[in-house]
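# Structural overview for review
So you can see what is in the structure, the chains are spelled out below.
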Amino acid sequence: MGPPNPTRLPALLPLRVAVFFLLASLLASTAAAHNDVGLHKNYLIIVRTPYEYDRSLFKDVSSWHASLLASVCDMAEEELDRDPSAMARLIYSYRHVVNGFAARLTAEEVRAMAEKDWFVKAMPEKTYRLMTTHTPQMLGLAGGAATGAGGLWKTSNMGEGIIIGVLDDGIRPGHPSFDATGMKPPPAKWKGRCDFNATVCNNKLIGARSFYESAKWKWQGIDDPVLPVSEGSHGTHTASTAAGAFVPGASALGNGLGTASGMAPRAHVALYQVCYEDKGCDRDDILAALDDAVEDGVDVLSLSLGDDEAGDFAYDPIALGGYTAIMRGVFVSAAAGNMGPDHATVANEAPWLLTVAAATTDRRFLATVRLGDGVELDGESLFQPKDFLSVQRPLVRDLSDGTCSDEKVLTPQHVGGKIVVCDAGGNLTSLEMGAALREAGAAGMVVITIEELGSVIQPKAHALPASQVTYATGQKIRAYMNSTANPTGELVLKGTVLGNRDSPVVPAFSSRGPSKQNQGILKPDITGPGVNIIAGVPKPAGLMAPPNPLSAKFDVLSGTSMAAPHLSGIAAVLKRAHPTWTPAAIKSALITTANPTDRNGKPIAAHDGSPANLLTVGAGFVDPVRALKPGLVYDLTAADYVPYLCWLRYTDAEVNSIIHPMPPVTCAAMRAVEQKDLNYPSITAFLDTEPYAVTVARVVTNVGKARSVYVAKVEVPAELSVTVAPATLRFKKVNQAKGFTVTIRPAAGAPRTKGIAEGKLEWVSNDNVVRTPILVSFKKFVQDNSTTAHLTH
């Protein structure tokens, strides 16, 4: 997902690829059905399997689904072979992710279907949205070598043999990030296909398909056949972030020069295109892609898309497909969304998904503003020409509203040869402002970002030398300009600078918790690099010509879309190192080793300078090196989520639609598990009812040294009292599991509060510190009709 307005990137290419090719004999009838758009709409139909259903009566599940569809279209089953019109109305027949199908139906047909004993739920169409050269070194993957000859890569062989499935828009064929030099063939389990020709499909890009059968009924311009090609940046950027090959000499317009690579440079990539241009990503196409991906044999799924109002897990394709994936041992990393900084905006919140927030890295593209009084104020810019003469020039501002959007004042007489100071947020983008100023003869530009974005800058490739500065820095520049009759300044272009100690910082756009669907589970889970990330693109978005051909293939993008594939690639590296670990074990390793502090050792900050709480940053910033050897993990199987879903009061039909194709269950026949007792690597407790004490149960599994002893260490605010029993865990062998309880209550004599408190439980051994975040609320997260949670801090 790209950041929302005003931080949202231009809408990135939506859905495009077919998971289910209809028979050639049906194409004529489907084309003719375009004329029925006013009568028919796309619906996702959830069904139950009658006990008397005999699968052998039909050649495959799609034949059964077609027979169900025919039963409301006044067609006898024996007519299907002669008249396939019911089959033509069947868009997708799902085999794994959900027990049901997608079809084009009238409202009358849906009402008739609701009378059938096999019918569970009908859901109308819904659209979802799309939500580097340095990060491998910063995260410790590459050690000290640009080619990966050290660090975690050395231990895990850079994810070799792991298949990462990326659901996104299209991909750029032949991009150097998908070069297969030195790559082995995919493992024998791979069943997918690549619809490009042999010169594009290789041992790196092993799969590329388009899913668009649902989307094409709603939007013009999606015609058969469709190849998963995109001129937009999103899919190429996310895929190369997760598993791009080594590309020496990569840069974004000359910035960040180095060897580009993904987090798992030896992993294979399978691209499933489900998004197209500005149309979004159709829910039923997403389900179809997930359905095929788990059957194709992917090991990791990377989902930089979602719905900010996805609702119940029983009807969200990412929750449904994600559950089927973890049932098959597939790890799922998903973007948290870009609707921050408001609370309760987090997307992809199902507990079986790893939900990833975004933060800055320690890299900046510095463009300093040196004022006439000698004060230097740092900003950033991606356009930094080598031949720019840095000298003091007159500083002027737009004489209208300050946004440099009024053509009447952008004249050579006013701006010629000068540095113009502009406020962001007008009718023109900063790129358009720069182009207008360049045409008027300005020497440079200073863009002051809006106050709500705080300290985080997302630099652009401006049409002239420029510096983007924070709102606070901009006010200092304004104050100087008001203090003298002849203000001057110069732009000092310093290029790429590493080692910023005030990082990571969570930007305003990164969505915050609490989860709307399961408030007792901390979401987001973790934070990864997601601001100003350099990765592969078809072409850069800036206005300036790139300095060399290779730099035209990389660009800087920001969003939780960029953070999620970082975690996807890191998960692939961990899976290669620990092939027997479950998806929950990998997630636990990532969460319990995440770093809650910045490079200065202080708590990670939010964009406004305040400490980023657990609802903002999750457990902290990912630390792949520590995650390789976490010591203990909180493990879960797919079946362990079933009693938790029952406690959430899902009906039996809804639970069975989520856990399909597991055997059906009846919630009344099992003991429900409260959210607080799900064996999750974080703890959320509500002290809102008497006796104002909560006890949670957890089980940890030893994946470290066989004989090891862990001692509990708790850090919580003074208003809380926390007891761990037992306080010492002694292990004698690997994979041994030990249970414990944590009791949380207000401290004796402590005043009652309505806010939230944060702390941590650490299990400490000679070799490991296993950190479990603790979030305590003295009041339930109350939601109004807009689903926005009200928190009292």
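Each value, and the rule that gives it
Residues numbered from 1 in each chain as written. Predicted model: local features only at pLDDT ≥ 70, side-chain atom pairs only at ≥ 80, totals over all residues. Heavy atoms only, no water. UniProt positions renumbered as here; feature names shortened; annotations may be inferred. Helix = DSSP H or I, 4+ residues; strand = E, 2+ residues; numbered from the N terminus. Buried < 20%, exposed > 50% of the residue type's maximum accessible area, 1.4 Å probe, protein only. Areas by Shrake-Rupley, 256 points an atom, 1.4 Å probe, with all protein chains shown as cover. Disulfide = S-S within 2.5 Å. Pairing = 2+ DSSP bridges. Expected span 1.5 Å × (residues − 1). Arc of directions from axis to C-beta. Salt bridge = Lys/Arg side-chain N within 4 Å of Asp/Glu carboxyl O. Phe/Tyr/Trp six-rings, centres within 6.5 Å; stacked < 30°, edge-to-face > 60°. Core = buried A, V, L, I, M, F, W, Y, C linked by side-chain atoms within 4.5 Å. Axes fitted to C-alpha atoms, helices over the stretch in contact; angles between N-to-C directions. Left-handed = near helix turned anticlockwise from the far one by under 90°. Contact = heavy atoms within 4.5 Å. Nonpolar A, V, L, I, M, F, W, Y, C, P; charged D, E, K, R; others polar.

Here the chain is described in UniProt, under the heading Sequence similarities (unreviewed entry), as follows: "Belongs to the peptidase S8 family." Looking at the chain in UniProt, the text filed under Subcellular location (unreviewed entry) is "Secreted".

Along the backbone of the chain there are 18 helices and 39 strands. When burial is assessed residue by residue, the chain has 61% of its 793 residues classed as buried. Accessible surface, the chain as shown: approximately 29,200 Å² in total, 52% of it carbon and sulfur.

Two cysteines whose sulfur atoms are joined by a covalent bond form what is called a disulfide. Throughout the structure, instances matching the rule amount to three disulfides. One disulfide bridge connects C194 with C201, the sulfur atoms lying 2.1 Å from each other. On the sign convention where negative means left-handed, the S-S torsion of about -80° between C194 and C201 marks this disulfide as left-handed. For C275, the disulfide goes to C281, at an S-S distance of 2.0 Å. The S-S bond linking C275 to C281 shows a torsion near 105°; that makes this disulfide right-handed.

Sheet strands line up and pair through hydrogen bonds in the backbone, either parallel or antiparallel. One open sheet holds the four strands; their spatial order is β29-β31-β35-β33, and the pairing between them is antiparallel. Edge positions in the open sheet fall to β29 (632-633) and β33 (720-725), since each of these has one partner strand only. Across six bridges, the pairing between β33 and strand β35 (residues 737-746) is antiparallel. Within the sheet, the bridge partner assigned to T723 lies in β35 and is T743.

Its 13 residues place the ends of helix α12 (residues 471-483) 18 Å apart at the C-alpha level, agreeing with the 18 Å of an ideal helix rising 1.5 Å per residue. Every buried residue of α12 is accounted for by T473, G474, I477, R478, Y480 and M481. Buried residues of α12, viewed axially, fall in a sector of 160°; they line one side. In α12, the exposed residues that point more than 90 degrees away from the buried face are A472, K476, N482 and S483.

Under the criterion given, the structure shown has 27 salt bridges. We note a salt bridge from R89 to E109, for which the minimum N-O separation is 2.3 Å. You can see R89 sitting in helix α3 (residues 85-89) and its partner E109 sitting in helix α4 (residues 107-113), a full 20 residues away along the chain. On the basis of relative accessibility, which here comes to 16%, the residue R89 falls in the buried class. Of the residues examined, E109 reaches a relative accessible area of 13% and is grouped as buried. In this structure, the salt-bridge partner of D296 is R209, at a minimum N-O distance of 3.9 Å. Taken as a pair, D296 in helix α8 (residues 283-296) and R209 in strand β7 (residues 205-210) lie far apart in primary sequence, 87 residues in all. Taken individually, D296 and R209 each receive the classification buried, so the pair is uniform in this respect.

Enumeration according to the criterion identifies 10 aromatic pairs in this entry. When the centroid spacing of 6.3 Å and the interplanar angle of 75° are considered together, the rings of Y323 and Y641 count as edge-to-face. Taken together, the residues span a long stretch of sequence, with Y323 in helix α9 (residues 317-327) and Y641 in helix α17 (residues 641-647) at a distance of 318 residues. Judged by relative accessible area, Y641 falls into the buried class, the value being 2%. Relative to F731, the ring of Y710 has its centre 6.0 Å away and its plane inclined at 85°; by these criteria the two rings are edge-to-face. One end of the pair, Y710, is in strand β32 (residues 708-715); the other, F731, is in strand β34 (residues 728-731), with 21 residues separating them in the sequence. Put simply, the rings of F313, Y323, W352, Y641 and Y650 pair up and form one aromatic cluster.

What follows covers the pairing of β34. Side chains L729 and F731 project from β34 onto a buried face, and the interleaved T728 and R730 project onto a face without burial. With four bridges connecting them, β32 and β34 associate as antiparallel partners. Residue pairing in the sheet places V711 in a bridge with T728 of β34.

Right, let's talk about the nonpolar core for a bit. In this structure, L167, F313, W352 and L645 are the most contacted members of the largest nonpolar core, which totals 67 residues. Per-element accounting of this core gives the leading share, seven residues, to α8. Listed in part, the 60 residues of the second largest apolar core include I162, V356, I591 and V633.

Below, the discussion takes up unusual backbone geometry. Here the bond from S503 into P504 is cis, since omega is 0°, no more than 30 degrees from zero. That bond from H660 to P661 is cis: its omega, 10°, falls within 30 degrees of zero. Phi angles above zero are rare outside glycine, and M158 is one such case at about 60°. Look at N532: it is not a glycine, yet its phi comes out positive at around 60°. Assignment of secondary structure puts N532 in the loop between β25 (526-529) and β26 (533-536).

Residues given the UniProt feature "active site" (unreviewed entry) here are D168, H234 and S561. A compact arrangement is adopted by the annotated residues: their sequence extent is 394 residues, whereas the largest C-alpha distance between any two is 9.7 Å. Inspection of the secondary structure puts D168 in strand β6 (residues 163-168). The buried category is assigned to D168, whose relative accessible area is 0%.

Below, the discussion takes up helix α2 (residues 61-70). Most of α2 is tucked away: 10 of the 10 residues are buried. Those residues of α2 lying buried are V61, S62, S63, W64, H65, A66, S67, L68, L69 and A70.

A separate point is the side chain of S588. Within the element layout of this structure, S588 appears in helix α14 (residues 583-592). The class of S588 is buried, set by a relative accessible area of 0%.

Turning next to the packing of helix α7 (residues 234-243) against helix α13 (residues 560-577). Following both chains from N to C, one finds α7 and α13 inclined at 30°, their axes separated by 7 Å at the closest point. Judged by the sense of rotation from one axis to the other, the crossing of α7 with α13 is right-handed. Residues H234, H237, T238, T241 and A242 of α7 form the contact with α13, whose own contacting residues are S561, M562, P565, H566 and G569. Along the lines of polarity and charge, the residues of the contact of α7 with α13 split into three nonpolar, seven polar and no charged.

Glancing now at the sheet that holds strand β5 (residues 127-130). Overall, antiparallel pairing links the four strands, which are arranged β11-β12-β5-β14 in an open sheet. In this open sheet, the two strands that pair with only one neighbour each are β11 (275-276) and β14 (305-306). Across two bridges, β5 lies against β14 in antiparallel orientation. Looking across to β14, one finds that R129 is bridged to G306.

Of all six residues in strand β10 (residues 268-273), six are buried, a share of seventy percent or more. Side-chain alternation along β10 places H268, A270 and Y272 on one buried face and V269, L271 and Q273 on a second face that is also buried. Note that β6 and β10 share six bridges and pair parallel. Looking at β10, one finds that D168 is bridged to Q273. Pairing geometry for β7 and β10, over five bridges, is parallel.

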